[in-house]
Amino acid sequence: MSYDALVIAAHPDDAEAQMGGVLAKLSDRGQRILLVDLSDGEPTDFGARGERAEQAAAAAAILGVERISLTMQDRLVADSLPARLEVARLIRQHRPRWVFGTGEACVHPDHAAAATIVRAAVFFARLENWDQVPGGEVLASHAPWKIHRLFFPHCKMEPGWSDAAFAVDVSGVYDRKRRVRIHLHGQRWAARAL
Ligand SMILES: [Zn+2]
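Residues numbered from 1 in each chain as written. Predicted model: local features only at pLDDT ≥ 70, side-chain atom pairs only at ≥ 80, totals over all residues.

Asks: Mind showing me how you'd approach the nonpolar core here?
Replies: Soluble, globular proteins show a tendency: their nonpolar side chains are buried together. Leu6, Val7, Ile8 and Ala114 are the most contacted members of the largest nonpolar core, which totals 48 residues. At the level of elements, strand S1 (5-9), helix H1 (14-28), strand S2 (33-39), helix H2 (51-63), helix H3 (81-94), strand S4 (98-100) and helix H4 (109-125) are the ones that each hand at least two residues to this core. A per-element tally of this core places H4 first, with 10 residues. Excluding residues within four positions of it along the chain, Leu6 makes contact with Leu34, Val36, Leu90, Ile91, His94, Pro96 and Val99. (Core = buried A, V, L, I, M, F, W, Y, C linked by C-beta atoms within 7 Å. Buried ≥ 20, exposed ≤ 12 C-beta atoms within 10 Å, placed from the backbone. Helix = DSSP H or I, 4+ residues; strand = E, 2+ residues; numbered from the N terminus. Contact = placed C-beta atoms within 7 Å.)

Right under this line is the structure:
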């Protein structure tokens, strides 16, 4: 299955917080988007186990995107060779034109790790000869893939940026973004359809 864009983030609410309006806008234009949550966001102090998965699925439906979750542990997401290879394999498998990661100036260590994992994975995905690298066999089943653009959206729980390469006007879809009610780490998290 190929996608126009992969949005790779540490937790199930990050993509919505960083670029929910952009996701709605892209899906409205027929772009096929896959959200990749590195972890399932569990445990959380603000909901029973399993609630977050239901909320994440509801949020994806509202935004018109698809979503998968990997098995990295929330709070312990770390940049490692296996993590880089796992994400690189997904990039090769889904062959996106664009990849969205997480900005690197992060307070949350999981977000910081996601930023470096994604940057490395995008690079790894386009290299050949992984069968000659110990551990690299995981990439051998898919052909190398070079994306067109890598973006780093800004999460509002992180420190503000002094500048940005560009901004996207999401005023036309903002009501829909607001339907995905995201309360970041430390607050109650919920997503629901009105
Ligand atoms: Zn997060």
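Asks: Please clarify how the pairing of S1 should be interpreted in this entry.
Replies: Looking along a regular strand, one sees the side chains alternate between the two faces of the sheet. For S1, the tally of buried residues reaches 5 of 5 residues, placing the bulk of the element in the interior. Here S1 shows a buried face lined by Ala5, Val7 and Ala9 and a second buried face lined by Leu6 and Ile8. Pairing between S1 and S2: 5 bridges, direction parallel. Across the sheet, the residue bridging to Ala5 is Ile33, located in S2. Between the parallel pair S1 and S2, the chain is carried across by H1, and the sense of this crossover is right-handed. (Pairing = 2+ DSSP bridges. Right-handed = clockwise from strand over helix to strand, strands pointing away.)

Asks: Even after reading the chapter, I still don't get the sheet that holds S1, so can you show me in this structure?
Replies: Consider a sheet: its strands pair through backbone hydrogen bonds, and that pairing is either parallel or antiparallel. The 5 strands are arranged S3-S2-S1-S4-S5 in an open sheet whose pairing can be described as parallel. Where the open sheet ends on each side, the last strands, each with one partner, are strand S3 (66-72) and strand S5 (149-151). Ignoring strand direction, the axes of neighbouring strands in this sheet form an average angle of 20°. As judged from the 5 bridges shared by S2 and S3, these two strands associate in the parallel manner. Its bridge partner lying in S3, Ser39 is registered against Met72. Along the sheet, H3 contacts S1, S2, S3 and S4; its crossing angle with S1, the most-contacted strand, is approximately 160°. (Axes fitted to C-alpha atoms, helices over the stretch in contact; angles between N-to-C directions.)

So far we have only geometry, and geometry alone does not tell us how the molecule works.
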